[in-house]
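Breakdown of the fold
Here are the chains, one letter per residue:
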Amino acid sequence: MPLDTPRSVRRHSVRGQVLDALRAALVGGDLVPGQVYSAPALGLRLGVSATPVREAMQQLAVEGAVEVVPNRGFRVVERTPRELAELAEVRALIEVPVMLRLARTVPAGRWAGLRPLAEATAAAAAHGDIAEYGEADRAFHRAVLGLAGNEQLVAVADDLHRRSQWPLVSPPALRRADLVADAAEHGALLDALAAGDLAVVESLVREHFTGARD
């Protein structure tokens, strides 16, 4: 739901839809780091009242994406390349060992079921839509890690992944080719996991975390 396209939101689960829209706006760059946004103004852009926007923004504040500015609204947190590097390091500490274990234990045939998710990331990358790619990317990683059978692991990894997608203070220009290259690594990772090639799995996962928008 682009912020510049007012659209009615169904009354049921309004807060959840608004939260999804704001998260997509963060990833897509519609909400700019350092800028302050008021709930009523965002509500007008989304076609909803200020209340669900305020509730959604409070959740984003808990997640660290925005901070409350008394009597004004919410400021999008300004992140730095160092923070992004730290997130990549933590993600690697969590995910690399899990991926290596999965490469050793999951039957090769199971990875074929994840091909459609990898293809979805490639399609989103081809569209050049950063927010769409971000959702598809996280869905792929959740599915891979989900084979470990640890819901807490998936939840923690997904939260770190979401945070790594928030824009930097001065983000580098992102080209569609960057997203396409990033998405291609998903297919390569599935190939390596199915083959049980531990060295390639580790290399791909570590490099992937420092890619276009991962």
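My aim in this report is to walk through the structure given alongside it, one point at a time.

Conventions and cut-offs
- Residues numbered from 1 in each chain as written.
- Predicted model: local features only at pLDDT ≥ 70, side-chain atom pairs only at ≥ 80, totals over all residues.
- Heavy atoms only, no water.
- Helix = DSSP H or I, 4+ residues; strand = E, 2+ residues; numbered from the N terminus.
- Buried < 20%, exposed > 50% of the residue type's maximum accessible area, 1.4 Å probe, protein only.
- Contact = heavy atoms within 4.5 Å.
- Areas by Shrake-Rupley, 256 points an atom, 1.4 Å probe, with all protein chains shown as cover.
- 1 Å grid on protein atoms, 1.4 Å probe; cavity = no way out; pocket = protein on both sides within 12 Å on 5 of 7 lines; lining within 4 Å.
- Points joined across faces, edges and corners; volume = space filled by probe spheres on them.
- Nonpolar A, V, L, I, M, F, W, Y, C, P; charged D, E, K, R; others polar.
- Pairing = 2+ DSSP bridges.

Let us look at the overall build of the protein chain. Scanning the protein chain from terminus to terminus reveals nine helices and three strands. Listed N to C, the secondary structure of the protein chain is α-β-α-α-β-β-α-α-α-α-α-α in terms of helices and strands. Looking at the protein chain as a whole, 43% of its 214 residues qualify as buried. Partitioning the intrachain contacts of the protein chain with sequence separation of at least 6 by distance along the chain shows that 73% fall at a separation of at least 24. Carbon and sulfur atoms provide 54% of the accessible area of the protein chain, an area that totals close to 10500 Å².

As a further point, take empty space enclosed by the protein. According to the stated counting rule, one finds three cavities of 30 Å³ or more in the structure shown. Of the voids in this model, the largest cavity is the one considered here, and its volume is about 70 Å³. What lines the largest cavity is simply R23, A24, L26, V27, A131, G134, E135, R138, R162, Q165 and W166. The set of elements that each furnish at least two residues to the lining of the largest cavity consists of helix 1 (14-28) and helix 6 (130-146). A class-by-class count of the residues in the lining of the largest cavity yields five nonpolar, two polar and four charged. In this structure, the second largest cavity spans a volume of roughly 40 Å³.

Here strand 1 (residues 36-37) pairs with strand 3 (residues 73-76) via two bridges, running antiparallel. Within strand 3, the residue paired with Y37 across the bridge is F74. Where strand 2 (residues 66-69) lies against strand 3, four bridges are found, and the strand directions are antiparallel. Residue pairing across strands places V66 opposite V76, the latter belonging to strand 3. Remark: three residues form the turn of the hairpin made by strand 2 and strand 3, two consecutive strands paired antiparallel; N71 in that turn has positive phi of roughly 65 degrees.

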